[in-house]
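# Summary of the model geometry
What follows is each chain in one-letter form.
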Amino acid sequence: MIHVKKAFVIGHPIRHSRSPLIHGTWLAEHAIAGSYDAIDVAPDDLAGFVGRVRAGEFVGGNVTIPHKEEVFRLCDSIDPLAETIGAVNTLVREEGGRIRGFNTDYMGFLGNLDQNAPGWSVRLGRAIVLGAGGAARAILVALRERGFKEIVLLNRTPEKAEALAREIDGPFTPGRLSDFAFYAGGADLLVNTTSIGMHESRFDDLDLGLLPETALVTDIVYVPLMTPLLADARAVGVRTVDGLGMLLHQAVPGFEAWFGVRPEVTAELRQKVEATL
Ligand code: ATR
């Protein structure tokens, strides 16, 4: 009998997830006897579901909204970087049934820029991060791990940027969005981690013309792919990378842990996922 390794993405709701398409493509590509399915798990059923993973029904899987924080408490061990980020998006069942929690968003962020903006981190000077919510945390850890000397954290509510800069260890300078003009001239990288850019929303007073022409601008929003921020950056002639690659690259470490093969993010995979946006 062939032993089929089963993986999952759980969330509530979950039917719009692109993860089954991504992992399904890789499973087929590598002819692996495995499955990866989206499973709707209500908050009350989360502990029971993790119990099923522990018992051996699954090799692991991804966890998305609204479970990323609660699942943290249900893991038997947590990877140190997931601990710093404060959220788990990937579960791996270890031998004996212990569940270890990881956060692969920071690797997704780095993998996207490494693939689509080669050389982007040769100059590890100043990065500007917009937003201080949950999504900012993985990006701050990514930039710290890559070795940026100064990471300016700008937020509508500056107190939240200050709190985050205190909580996470790193070369962080907190401020408000209106401080952008002060820091822009020396920035090598600008990252949006807020939801601004979705539904036609845009930042009011960011003058991207102040960025050096060597700067790189990236956005974690990928619907639409060309956010107003990226369009403005292109208009002033700086390099841009959209957010879809982060979604694709954050899937790589999980697949490798569950199925034992490191998959590749190819142009064909990107096209397949882009066609569903
Ligand atoms: P998530 O956990 O998904 O990151 P969040 O914690 O609600 O979501 O954070 C959203 C981020 O987007 C925050 O930095 C938020 O700024 P505040 O801390 O001031 O709330 C930012 N954000 C959301 N809407 C915004 C808007 N219209 N203008 C400026 N910033 C906005």
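The next subject is helix H2 (residues 46–54). Given 3.6 residues to a turn, an α-helix orients residues that are three or four positions apart in the same direction. All buried positions along H2 are accounted for by Leu46, Phe49, Val50 and Val53. Buried residues of H2, viewed axially, fall in a sector of 100°; they line one side. In the core, the buried residues of H2 are packed alongside strand S1 (5–11), strand S2 (34–40), helix H3 (70–74), strand S5 (90–93) and strand S6 (99–102). Looking one or two residues beyond H2, the residue adopting positive phi is Gly56, at roughly 110°.

Moving on to the site of the ligand. All residues in the neighbourhood of the ligand are listed as Gly131, Ala132, Gly133, Gly134, Ala135, Asn155, Arg156, Thr157, Lys160, Leu177, Thr194 and Ile196. One nitrogen or oxygen atom from the main chain of Ala135 is found 3.1 Å from an oxygen atom belonging to the ligand. In the complex, the protein chains occlude 62% of the 640 Å² of accessible area that the ligand would expose alone. Its residues placed into classes, the shell around the ligand shows 4 nonpolar, 6 polar and 2 charged.

An order of S9-S8-S7-S10-S12-S13 is seen for the 6 strands of this open sheet, with the pairing classed as parallel. In this open sheet, the two edge strands, each paired with only one partner strand, are strand S9 (172–176) and strand S13 (239–241). Adjacent strand axes in the sheet meet at a mean angle of 20° when their direction is disregarded. Bridging between strand S10 (residues 187–192) and strand S12 (residues 216–219) involves 4 bridges; their strand directions are parallel. When the sheet's bridge partners are listed, Leu189 is paired in S12 with Leu216. Packed on one face of the sheet, helix H9 (residues 228–235) meets S10, S12 and S13 and runs near 165° to S12.

Okay, the domain arrangement of the protein next. For the protein, the assigned domains are domain 1 (5–103 + 247–274) and domain 2 (106–242). Taking only C-alpha atoms, the centre of domain 1 and the centre of domain 2 are 27 Å apart. Counting from both sides, the interface comprises 12 residues of domain 1 and, opposite them, 15 residues of domain 2. Interface area, domain 1 with domain 2, both sides summed: about 1,200 Å², of which 60% is carbon and sulfur. Considering only the surface of domain 1 that becomes buried against domain 2, Leu81, Ile85 and His249 emerge as the three largest contributors, covering 43% of it. Counting every contact that joins domain 1 to domain 2 gives 1 salt bridge.

Right, let's get into the pattern of salt bridges. Within this structure, the stated rule accounts for 14 salt bridges. Arg137 is paired through a salt bridge with Glu167; the nearest N and O atoms lie 2.6 Å apart. Remark: Glu167 occurs in helix H7 (residues 158–167) and Arg137 occurs in helix H6 (residues 134–146); sequence separation between them is 30 residues.

On to the side chain of Arg137, then. With relative accessibility at 15%, the residue Arg137 sits in the buried group. If sequence neighbours within four positions are ignored, Arg137 has contacts with Thr84, Ile85, Gly86, Leu164, Glu167 and Ile168.

Moving on, we come to the environment of Gly60. Among the secondary structure elements, Gly60 is positioned in strand S3 (residues 60–63). In this structure, the C-alpha to C-alpha distance between Gly60 and Thr227, residues 167 residues apart in sequence, is 33 Å. Excluding residues within four positions of it along the chain, Gly60 makes contact with Lys6, Ala7, Phe8, Leu91, Arg93 and Trp258.

Let's shift gears to the packing of helix H1 (residues 19–29) against helix H11 (residues 252–259). The geometry of H1 relative to H11 is characterised by a closest axis approach of 11 Å and an angle of 45° between their N-to-C directions. On the basis of their axis angle, the class for H1 and H11 is oblique. With respect to the hand of their crossing, H1 and H11 are arranged in right-handed fashion. Only Val252, Phe255, Trp258 and Phe259 of H11 make contact with H1, whose side of the interface consists of His23, Trp26 and Leu27. Residue classes in the contact of H1 with H11 are distributed as 6 nonpolar, 1 polar and no charged.

As judged from the 5 bridges shared by strand S8 (residues 150–155) and S9, these two strands associate in the parallel manner. For Leu153, the partnering residue across the bridge sits in S9 and is Pro174. For the crossover that starts at S8, traverses H7 and ends in the parallel S9, the hand is right-handed.

If you walk across this open sheet you meet the 6 strands as S2-S1-S3-S5-S6-S4, and the pairing is mixed. The two strands at the open ends of the sheet, each matched to only one other strand, are S2 and strand S4 (77–78). Relative to S6, S4 runs parallel, the two being bridged by 2 bridges. Paired with Ser77 across the bridge in S6 is Arg100. Strands in contact with H2 are S1, S2, S5 and S6; relative to S1, the strand with the most contacts, it is inclined by about 165°. Each of S1, S2, S3 and S5 touches H11; the most contacted strand, S5, lies at about 10° to it.

Thresholds applied
Just so you know, the residues in each chain are numbered from 1, in the order the chain's sequence is written. At least 70 in pLDDT is required for a residue's local features to be given in this predicted model, at least 80 for side-chain atom pairs to be given and counted, and no such filter applies to totals for whole chains, interfaces and linings, which use all residues. Excluded from the side-chain calculation are hydrogens and water; included are all heavy atoms of the structure. The rule is simple: take the accessible area with a 1.4 Å probe, protein chains only, and divide by the maximum for that residue type; under 20% is buried, over 50% is exposed, in between is partly exposed. Under the scheme used here, helices are H or I runs from DSSP no shorter than 4 residues and strands are E runs no shorter than 2 residues, and both carry numbers assigned from the N terminus. Regarding the arc, it is the one traced by the directions from the helix axis to the C-beta atoms. Note on contacts: a residue pair is in contact if any heavy atoms of the two residues lie within 4.5 Å. For each residue, the test is whether any non-hydrogen atom lies within 4 Å of the molecule or strand; if one does, the residue is near. A 3.5 Å cut-off defines polar contacts: any pair of N or O atoms within that distance qualifies, except that in protein one atom must be a possible hydrogen donor and the other a possible acceptor, and neighbouring residues in sequence count only when both atoms are side-chain atoms. Per-residue accessibility takes into account occlusion by the displayed protein chains alone, with areas from the Shrake-Rupley method and a 1.4 Å probe. In the scheme used here, Gly and all other residues not listed as nonpolar or charged are polar, with Ala, Val, Leu, Ile, Met, Phe, Trp, Tyr, Cys and Pro taken as nonpolar and Asp, Glu, Lys and Arg as charged. Strand pairing requires that DSSP identify at least two bridges connecting the strands. The convention used is that axes are lines fitted to C-alpha atoms, helices contributing only their stretch in contact, and that angles between N-to-C directions extend from 0 to 180 degrees. Domain start and stop points were drawn from an automatic or database domain assignment. Here the quantity called buried area is the accessible surface, traced with a 1.4 Å probe, that two parts lose on coming together, added over both. Salt bridges are defined by distance alone: a side-chain nitrogen of Lys or Arg within 4 Å of a carboxyl oxygen of Asp or Glu. The cut-offs work like this: below 35 degrees is roughly parallel, past 145 is roughly antiparallel, 65 to 115 is roughly perpendicular, and the gaps in between are oblique. Crossings are sorted by hand: turned counterclockwise from the far helix by less than a right angle, the near helix makes the crossing left-handed, and turned clockwise it makes it right-handed. Orienting the strands away from the viewer, one traces the path from the first strand over the helix to the second; a clockwise path indicates a right-handed crossover.

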